[in-house]
Amino acid sequence: MAGVLDSVNQLTELVGQNRLELLLFRLPGRDQLYGINVFKVKEVLECPRLTAMPRLNKNVRGVAHVRGQTISIIDMGLAIGGRMNHELERSYVIITEYNRSVQGFLVGGVDRIVNLDWSSIMPPKVVGKTNYLTAVTQVDKQLVEILDVEKILDEICPNDKNVSDAVVEEFRKEDSEAEAAKPDRPKLVRKVMVADDSSVARNQVKRALQSINMEAIVVENGLQALEKLRELAQNGPIQEQIGLLISDIEMPEMDGYTLTANIRQDPKLAALKVILHTSLSGVFNQAMVKKVGADNFIAKFNPDELAKAVRHLMDEGEEELFQAIRNN
């Protein structure tokens, strides 16, 4: 099954072109096709021997030893409300890297890899909070559902969404000192736009921002973010309305790389600070950050690290705006 991944195109050719590659797979008892971004996939293998462990989440079937590493194996079908996979000897495990951790997803079978444009990946039109979809698309006239893996992982092993008291106190002291040093300095708007297709990720970032007294304006993908920013820019300098954009990379309709590139090419938006905040990781993404002109790249999800990066860029942007106001 490892041969499936051998057919992946050079990933660097896809990034910045609003394209992605999906690994398609199936779950036991369902005819539905599902997809996962190849960027997240480290390996595909036949289901290895699983070792049961005490007190595991009900959706974790056990742990496996893969290439010297002990990895939790999550039953994907069970995790999204389906039935347990009882045919382990005929199943496969997709080894993935999300949010700074490696985990395996137990699936019924792996189909193939397809190369798509993000513009063909659409937000799901579903009602309710219990669905696990983050996007849908069509391949050969068949619906493909892209699962919200961040939601699945958060339910199994919840992240701490709060900025630590130490960081909050550090910021409070900095604000007090700045106020004492420059009492006449105008108070600038501290709003942050958050673009992410995962509802879990949006709520995580929103809560972290609220911890440091910043307001979050949330949108669900890159296209919505770009349209909203351009709308705001009609009312005046964007830096006076939005201090920073935090964007996921993988999003329907327009990815974070393409969004950032569009911002940098628009004279009314070019000065906006941008953080790419994603479950993708690695040196490759650091290179892409520079290529598209983002100000920082942070792997999900560490609230303290995000808060410090936001604070640094917000202060930097406010200083630039303050100097521009003074010079005029």
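Now for a look at the structure at hand. (Residues numbered from 1 in each chain as written. Predicted model: local features only at pLDDT ≥ 70, side-chain atom pairs only at ≥ 80, totals over all residues. Heavy atoms only, no water.)

Quick look at the overall build of the protein chain now. Counting its regular elements, the protein chain contains 9 helices and 15 strands. Buried positions account for 50% of the 328 residues belonging to the protein chain. For the protein chain, the proportion of contacts with a sequence separation of at least 24, taken over those separated by at least 6, is 65%. Summed over all atoms, the accessible surface of the protein chain reaches about 15900 Å², with 47% contributed by carbon and sulfur. (Helix = DSSP H or I, 4+ residues; strand = E, 2+ residues; numbered from the N terminus. Buried < 20%, exposed > 50% of the residue type's maximum accessible area, 1.4 Å probe, protein only. Contact = heavy atoms within 4.5 Å. Areas by Shrake-Rupley, 256 points an atom, 1.4 Å probe, with all protein chains shown as cover.)

All right, on to the packing of helix H6 (residues 222-233) against helix H7 (residues 256-265) then. Direction vectors running N to C along H6 and H7 enclose 20°, while the axes themselves pass 9 Å from each other. Of the possible angle classes, the one that applies to H6 and H7 is roughly parallel. Crossing of H6 against H7: the hand is right-handed. Residues Gly222, Ala225, Leu226, Leu229 and Arg230 of H6 pack against Leu259, Asn262 and Ile263 of H7. Classifying every residue of the contact of H6 with H7 by side-chain character gives 5 nonpolar, 2 polar and 1 charged. (Axes fitted to C-alpha atoms, helices over the stretch in contact; angles between N-to-C directions. Parallel < 35°, antiparallel > 145°, perpendicular 65-115°, else oblique. Left-handed = near helix turned anticlockwise from the far one by under 90°. Nonpolar A, V, L, I, M, F, W, Y, C, P; charged D, E, K, R; others polar.)

Moving on to the sheet that holds strand S5 (residues 69-75). An order of S3-S6-S7-S5-S4 is seen for the 5 strands of this open sheet, with the pairing classed as mixed. Here the strands that pair on one side only, and so sit at the sheet edges, are strand S3 (41-46) and strand S4 (60-66). Neighbouring strand axes in the sheet, compared pairwise and without regard to direction, differ in orientation by 30° on average. In this sheet, strand S7 (residues 101-107) lies alongside strand S6 (residues 92-98) in antiparallel orientation, the contact comprising 7 bridges. Of the residues in S7, the one forming a bridge with Glu97 is Val102. (Pairing = 2+ DSSP bridges.)

Turning our attention to the environment of Cys157. Along the polypeptide, Cys157 turns up in the loop between helix H3 (149-156) and helix H4 (165-181). Here the alpha-carbon distance between Cys157 and Asn57, two residues 100 residues apart in the chain, equals 8.4 Å.

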